[in-house]
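Observations on the model geometry
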Amino acid sequence: MKVALCLQHVLFEGPGVFRRALETRGYTVRNVVVPAEGLPADSGDFLLIMGGPMSVNDSDPWVEAELQFVKMALAREIPILGICFGAQLLAKALGGSVAPGPKFELGMGAVSLTDMGKIDPILSAMPQDFLVFQWHGEGITLPPGSAHLVTSADFPVQAFRMADRTYGLLFHLELEEADMGALCRECPQDLQRGGMTPESIQARSRPHLPGLHQLADRFIDHLIRT
């Protein structure tokens, strides 16, 4: 059976609905919380890199170690999907950079497809403008040679693709309602920065979760078939 390695950085930001999408397609999902457990010997058959409240520019030794691990996975040309911090780590591994954005982006927010996004094999099924779930304060500069897929007013690079099998998404598709509740409990300082309450975040997000989960499933389906 194929193995999907899920790199977590905190316990409360796991694979969410990506786990179900992978398991129903015959993958075993192995979770590793990198700061606490270190990195495994190899990256498996599919690499999923999740979010976290830290920065890829932090000086912690595990951040640099994970950056090198991601570079090795890229060299193996396995499918890779990076989410939020995972997308930032992926961008840096590919030669892009990460820096604080103009605001802390929190909850449901509007994004738009770029010209490349409109012809992307996954995102072309989306409307020109759609809503996604955000929870970040840092943004990405586009890695050299990558395709710029999704943008927004405050964070120009919301999603990118490198070749056919590597995607970075600054936003979250994987969260279920319980996951949002955990984020709110564990990161109260982010709520203050974003000027929102747990109740307002969940009320605004709940109606959009089925659509986000469908898009999450499309990402997994495409990546394992490409």
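Quick caveat: nothing in here was measured; it's all calculated off a predicted structure.

1. Comments concerning the overall build of the chain
- Scanning the chain for helices and strands turns up eight helices and nine strands.
- Since a compact globule built from 226 residues should have a radius of gyration of about 17 Å, the 16 Å found for the chain is in line with a globular shape.
- Per-residue burial for the chain yields a buried fraction of 56% across its 226 residues.
- Nonlocal contacts in the chain, meaning residues at least 24 apart in sequence, comprise 74% of its contacts between residues at least 6 apart.
- Of the charged side chains in the chain, 18 are positive and 26 negative; the average position of the first set lies 4 Å away from that of the second.

2. Notes on the packing of helix α5 (residues 177-186) against helix α7 (residues 198-205)
- Orientation of α5 relative to α7, taken along the N-to-C sense of each, is 155°, at an axis distance of 10 Å. Our classification of the angle between α5 and α7 gives roughly antiparallel. With respect to the hand of their crossing, α5 and α7 are arranged in right-handed fashion. Packed against α5, whose contacting residues are Glu177, Met180, Gly181 and Cys184, the element α7 presents Pro198, Ile201, Gln202 and Ser205 at the interface.

3. Describing the pairing of strand β7 (residues 147-151)
- Relative to β7, strand β5 (residues 97-113) runs antiparallel, the two being bridged by two bridges. The residue of β7 that forms the bridge with Ser112 is Thr151.
- For β7 and strand β8 (residues 159-162), the ladder comprises three bridges, and the chain directions are antiparallel. Within β8, the residue paired with His148 across the bridge is Phe160.

4. Focus on the state of the cysteines
- Tallied over the entire structure, the rule returns zero disulfides.
- You can see Cys6 has no disulfide; the closest cysteine sulfur is in Cys84, sitting 14 Å from it.
- Just so you know, Cys184 is unpaired, no disulfide at all, and the nearest cysteine sulfur is the one on Cys187, 8.6 Å from it.
- The exposure class assigned to Cys184 is buried, which follows from its relative accessible area of 6%.

5. With respect to the pairing of strand β4 (residues 80-83)
- Residues of β4 alternate between two faces, with Ile80 and Gly82 on one and Leu81 and Ile83 on the opposite face, all of them buried.
- The pairing of strand β3 (residues 46-49) with β4 spans three bridges and is classified as parallel. Bridge pairing in β4 places Ile49 opposite Gly82.
- A crossover connection joins β3 to the parallel β4 through helix α3 (residues 61-76); in handedness this β-α-β unit is right-handed.
- As paired elements, β4 and strand β9 (residues 166-169) share four bridges and run parallel to each other. Considered in β9, the bridge of Gly82 is made with Gly168.

6. Let's talk about the nonpolar core
- Membership of the largest hydrophobic core comes to 83 residues, with the highest contact counts inside it found for Leu81 and Trp135.
- When residues no more than four places from it in sequence are discounted, the contact partners of Trp135 are Cys84, Phe104, Glu105, Leu106, His172, Leu183, Cys184, Cys187, Asp190, Leu191 and Ile201.

7. Remarks on the layout of surface pockets
- If you add up the space inside the largest pocket, you get close to 260 Å³.
- Gly52, Pro53, Met54, Phe104 and Gly137 are, among the 17 residues lining the largest pocket, the residues nearest its centre.
- Of all the elements in the fold, those that place two or more residues in the lining of the largest pocket are β6 (129-141) and α6 (188-194).
- It is β6 that contributes the most residues to the lining of the largest pocket, four residues altogether.
- Of the residues that constitute the lining of the largest pocket, the class distribution is six nonpolar, seven polar and four charged.
- If you go around the second largest pocket, you meet 14 residues; those closest to its centre are Lys103, Glu105, Leu106, Met108 and Gly109.
- Here the element with the most residues in the lining of the second largest pocket is β5; it accounts for eight residues.
- Within the lining of the second largest pocket, the residues separate by chemical class into six nonpolar, four polar and four charged.

Scoring rules and cut-offs
Residues numbered from 1 in each chain as written. Predicted model: local features only at pLDDT ≥ 70, side-chain atom pairs only at ≥ 80, totals over all residues. Heavy atoms only, no water. Helix = DSSP H or I, 4+ residues; strand = E, 2+ residues; numbered from the N terminus. Rg over C-alpha atoms; globule rule 2.2 N^0.38 Å. Buried < 20%, exposed > 50% of the residue type's maximum accessible area, 1.4 Å probe, protein only. Contact = heavy atoms within 4.5 Å. Lys, Arg positive; Asp, Glu negative; His and termini not counted. Charge placed at Lys NZ, Arg CZ, Asp CG, Glu CD. Axes fitted to C-alpha atoms, helices over the stretch in contact; angles between N-to-C directions. Parallel < 35°, antiparallel > 145°, perpendicular 65-115°, else oblique. Left-handed = near helix turned anticlockwise from the far one by under 90°. Pairing = 2+ DSSP bridges. Disulfide = S-S within 2.5 Å. Right-handed = clockwise from strand over helix to strand, strands pointing away. Core = buried A, V, L, I, M, F, W, Y, C linked by side-chain atoms within 4.5 Å. 1 Å grid on protein atoms, 1.4 Å probe; cavity = no way out; pocket = protein on both sides within 12 Å on 5 of 7 lines; lining within 4 Å. Points joined across faces, edges and corners; volume = space filled by probe spheres on them. Nonpolar A, V, L, I, M, F, W, Y, C, P; charged D, E, K, R; others polar.

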